[in-house]
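# Fold and geometry: a report
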Amino acid sequence: MVAPTDGALDRAATRTPRRRLAVWLRRVTRTGAVRTLGPFVPIVVLWWLAAELEVFPAAFFVGPDAVLTEFLDLMRKGVLPGYLSDSLTRLAYGIGFGLLIGLPMGFLVAMSAWARRLTWPLLLFFQAIADIAWLPIVIVWFGFSLTAVTFVIVYTIVFPLVLAVVSGVEQVPQELVRAARSLGAGRFRVFVEVIVPGALPAVAGGIRTGLGYGWRALIAAEIIVGTSGVGFMMFDARRVGDVSEVFLGMIVLGVLWYAMDALVLAPFERATVERWGMVRQVEAGR
Amino acid sequence: MTALEISGLAKEYVDSYSGDRVTAIGEVTFTVEEGEFVSILGPSGCGKTTVLNIIAGFVEQTAGTVKVGGRVVDGPGPDRGVVFQNHALFPWKTAAFGLRMKGIPAARRREIALEHLELVGLAGFENRYPHELSGGMRQRLGVARVLANEPAVMLMDEPFASIDAQTRRKLQEDLTRVFELRRPTVFFVTHDIDEAVFLSDRVVVLSRRPSRVREIVTVDLPRPRDWQGTTALPEFREIANHITALLSEGGDREGPELTAA
């Protein structure tokens, strides 16, 4: 559709009320906030209705208003900011070390035949031991500490990342490597200039999956190791029967992940693989 | 002077599915002089592209030698620039990669890149990524990338095969113009007889597998060439018909396409 100029829109708007409404709708839906929050409106409405009509007993199912009150209360007391910063610190450590280990390891396994032969069975074996299955022994080793949580997050991030890097490197077209070689690039140059960017769509996907896993592992670890953090907050609230705090915790998780995606992952992909036309643009709204 | 010397080239490989030894190239010998445009033609599956891949150093031959400027070559190198059928441009690059590999300073690199973009008719497109260019433009860029690198030989692997007929004609004419202007040494793989005759000084005609050189046909048509004028010459048709005959004859005599030993 060819978008008319704003002047044309304004003139059209003065004609009929229905037109005016249509123009207003188009203007509003063009803004980022509406695009981001719009899909949540019906869900919140349904949620609110379910709570108001007491479809479930109020002790088990609270409405948006109760959660909002809880949110403001916890913010004022400083509990939520404290827990949030604890969770985010753990996540940052976990992600940092996870990427630092996973990316080089992935490229090493992908590039070297003997490294692959040596590590592939190990990778598959250890991938099968779920992140949380490590918690018992990790707690024995490191106690209820940042190290224990970091270990579990790193563990969950590394495996999907390594597998993604390997498949990414395999996807680099042979012709591109050949082209670079016949333009005079040596092995190292081919790696830096061709293999790494060529594998980037898959690597970006691997980072996305890895972070998603890491995020879930963090919450699981906090629930089990639990001394602080959003996961701990939710589980602790369940213990004392404070349903609104549990709801709040779930919402906080969703919002944080969305923010991470919108502020870090999506811009990175827009600047690289989407700009280079290597993947279709994720969606019009981004 | 001889730019490219191919002697006694042979390629055997083991079919990974059946385990049979297959002779793809029986014995291929020819030369390309400096500033000469030589095409290679043959029935499909005769190993034309394999010959190019061996010259480029992408594939190892079973026997025979490849000499560039009198020196035996082994593995890929910047002395043999390749224009690929599917262009093989780097999706993430806009700059002149090969020139950076040569260690040429940035300012000079830009100058050379712009000069060659203009040469192939892409002036003003220097900041575009490959996916923002049409198929024909990508192939022009592929040619510019190789010429800018000043290789001893430009190897072209059916560069216009997957391009629509109209654009192809234009690209063939522009390639001829660039060739007549710059006189690079070109080795050109194709399955299109008219294209080979129009572009080349000589055409190497291969037989079916295991391929040998059936004949090296000299194309003694005047330059500069243009599609309408050149293809209308009686000599053009004569040469094209001669090659057509060679190719169909080769098919009859060699029997089955695959010769397993």
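The structure displayed is predicted, hence computed values, not measured ones. (Residues numbered from 1 in each chain as written. Chains lettered and ligands numbered in written order. Predicted model: local features only at pLDDT ≥ 70, side-chain atom pairs only at ≥ 80, totals over all residues. Heavy atoms only, no water.)

For the rest of this paragraph, the subject is the overall build of chain B. Each helix and strand in chain B was counted, giving eight helices and 10 strands. Over its C-alpha atoms chain B spans a radius of gyration of 19 Å, differing by no more than 12% from the 18 Å that the globule rule assigns to 261 residues. Along the first, second and third principal axes, the C-alpha atoms of chain B reach 55 × 45 × 35 Å. Long-range pairs, those at least 24 residues apart, make up 71% of the contacts in chain B between residues at least 6 apart in sequence. Just so you have it, chain B exposes about 11500 Å², and 49% of that area is on carbon and sulfur atoms. With 31 positive and 36 negative side-chain charges, chain B shows a spacing of 5 Å between the two charge centroids. (Helix = DSSP H or I, 4+ residues; strand = E, 2+ residues; numbered from the N terminus. Rg over C-alpha atoms; globule rule 2.2 N^0.38 Å. Contact = heavy atoms within 4.5 Å. Areas by Shrake-Rupley, 256 points an atom, 1.4 Å probe, with all protein chains shown as cover. Lys, Arg positive; Asp, Glu negative; His and termini not counted. Charge placed at Lys NZ, Arg CZ, Asp CG, Glu CD.)

From N to C terminus, chain A includes 13 helices and zero strands. The order of α-helices and β-strands along chain A, N terminus first, is α-α-α-α-α-α-α-α-α-α-α-α-α. Counting over 286 residues, chain A shows a buried share of 39%. Pairs at least 24 residues apart make up 68% of the contacts formed inside chain A by residues separated by at least 6 positions. Accessible surface, chain A as shown: approximately 16200 Å² in total, 69% of it carbon and sulfur. (Buried < 20%, exposed > 50% of the residue type's maximum accessible area, 1.4 Å probe, protein only.)

The interface is formed by 28 residues belonging to chain B together with 20 residues belonging to chain A. Around 2100 Å² of area is buried between chain B and chain A when both sides are counted, 65% of it from carbon and sulfur atoms. On the surface where chain B and chain A come into contact, there are zero salt bridges. Linking chain B to chain A there are zero residue pairs in polar contact (both at pLDDT 80 or more). Elements supplying a minimum of two residues to the side of chain B that touches chain A: strand 6 (80-83) and helix 2 (97-101) of chain B. Among the elements that make up the side of chain B that touches chain A, the one with the highest residue count is helix 2 of chain B (four residues). Partitioned by chemical class, the residues of the side of chain B that touches chain A number 14 nonpolar, nine polar and five charged. (Buried area = accessible area lost by both parts, 1.4 Å probe. Salt bridge = Lys/Arg side-chain N within 4 Å of Asp/Glu carboxyl O. Polar contact = N/O pair within 3.5 Å; in protein donor to acceptor, adjacent residues only side chain to side chain. Nonpolar A, V, L, I, M, F, W, Y, C, P; charged D, E, K, R; others polar.)

Here we come to unusual backbone geometry. Residue and element names in this part refer to chain B. Between R209 and the following residue, P210, the backbone shows a cis peptide bond with an omega angle of -10°. Here the residue pair R223 and P224 is connected by a cis peptide bond, since its omega of 0° sits within 30 degrees of zero. Tracing the backbone shows P224 in the loop between strand 10 (211-218) and helix 7 (227-232). Here the phi dihedral of E150 falls at roughly 50°; this positive angle occurs in a residue that is not glycine. Note that E150 resides in the loop between helix 4 (135-148) and strand 7 (153-157). Non-glycine residue R183 carries a positive phi angle of around 50°. Residue R183 is classed as partly exposed on the basis of its relative accessible area of 40%.

Buried together is how nonpolar side chains tend to be arranged in soluble globular proteins. All names here are of chain B. Core analysis: the biggest nonpolar cluster contains 95 residues, and L4, F30, I55 and F187 have the highest contact counts within it. Dropping the residues within four chain positions of it, F187 is found in contact with L4, F30, V32, V38, I40, V51, L52, I55, V153, M154, L155 and M156. Counting residues in hydrophobic clusters, the runner-up holds 42 residues, among them V203, V217, F236 and L247. (Core = buried A, V, L, I, M, F, W, Y, C linked by side-chain atoms within 4.5 Å.)

Here we take up the confidence of the model for chain B. Residue and element names in this part refer to chain B. Per-residue confidence for chain B averages 86 on the pLDDT scale, and 92% of its residues sit at or above 70. Predicted confidence for residues 252-261 stays below pLDDT 50, and this span has 19 contacts to residues more than four positions away or in other chains. Both scores are given for the predicted complex: the pTM is 0.74, the ipTM 0.80. (pLDDT = per-residue confidence, 0-100.)

Turning our eyes to something else, we now look at the packing of aromatic side chains. For any pair of aromatic rings, the description rests on two quantities: the centre-to-centre distance and the angle between the ring planes. All names here are of chain A. Enumeration according to the criterion identifies 20 aromatic pairs over all chains in this entry. Plain terms: the ring middles of F125 and F126 are 5.1 Å apart, the flat faces sit at 90° to each other, and that makes the pair edge-to-face. Consider the rings of F142 and F151, whose centres lie 6.0 Å apart with planes at 40°: the pair is tilted. An aromatic cluster of three or more residues is present, and its members are F125, F126, W134, W141, F142, F151, Y155 and F159. Sitting over the ring of F235, R238 keeps its end group 4.8 Å from the ring centre. (Phe/Tyr/Trp six-rings, centres within 6.5 Å; stacked < 30°, edge-to-face > 60°. Lys NZ or Arg CZ within 6 Å of the ring centre and 35° of its normal.)

Residues and elements named next belong to chain B. Most of strand 7 sits out of view: five of its five residues are buried. Burial along strand 7 is two-sided: the residues V153, L155 and D157 and M154 and M156 are all buried. Note that strand 6 and strand 7 share four bridges and pair parallel. Looking at the pairing, R80 lines up with V153 of strand 7. Inspection of the sheet shows strand 7 paired to strand 8 (residues 186-189) by four bridges, in the parallel sense. The residue of strand 8 that forms the bridge with M156 is F188. (Pairing = 2+ DSSP bridges.)

Turning our attention to the pattern of salt bridges. Counted according to the given criterion, the structure contains 19 salt bridges over all chains. Between R90(A) and E222(A) there is a salt bridge whose closest N-O contact spans 2.7 Å. Of this pair, R90(A) sits in helix 6 (residues 79-111) while E222(A) sits in helix 11 (residues 187-225); the two residues are 132 residues apart in sequence, bridging distant segments of the chain. What makes E222(A) buried here is its relative accessible area of 1%. Across the pair R80(B) and D79(B) runs a salt bridge, and its minimum N-O distance is 3.1 Å. The same class applies to R80(B) and to D79(B), which are both buried.

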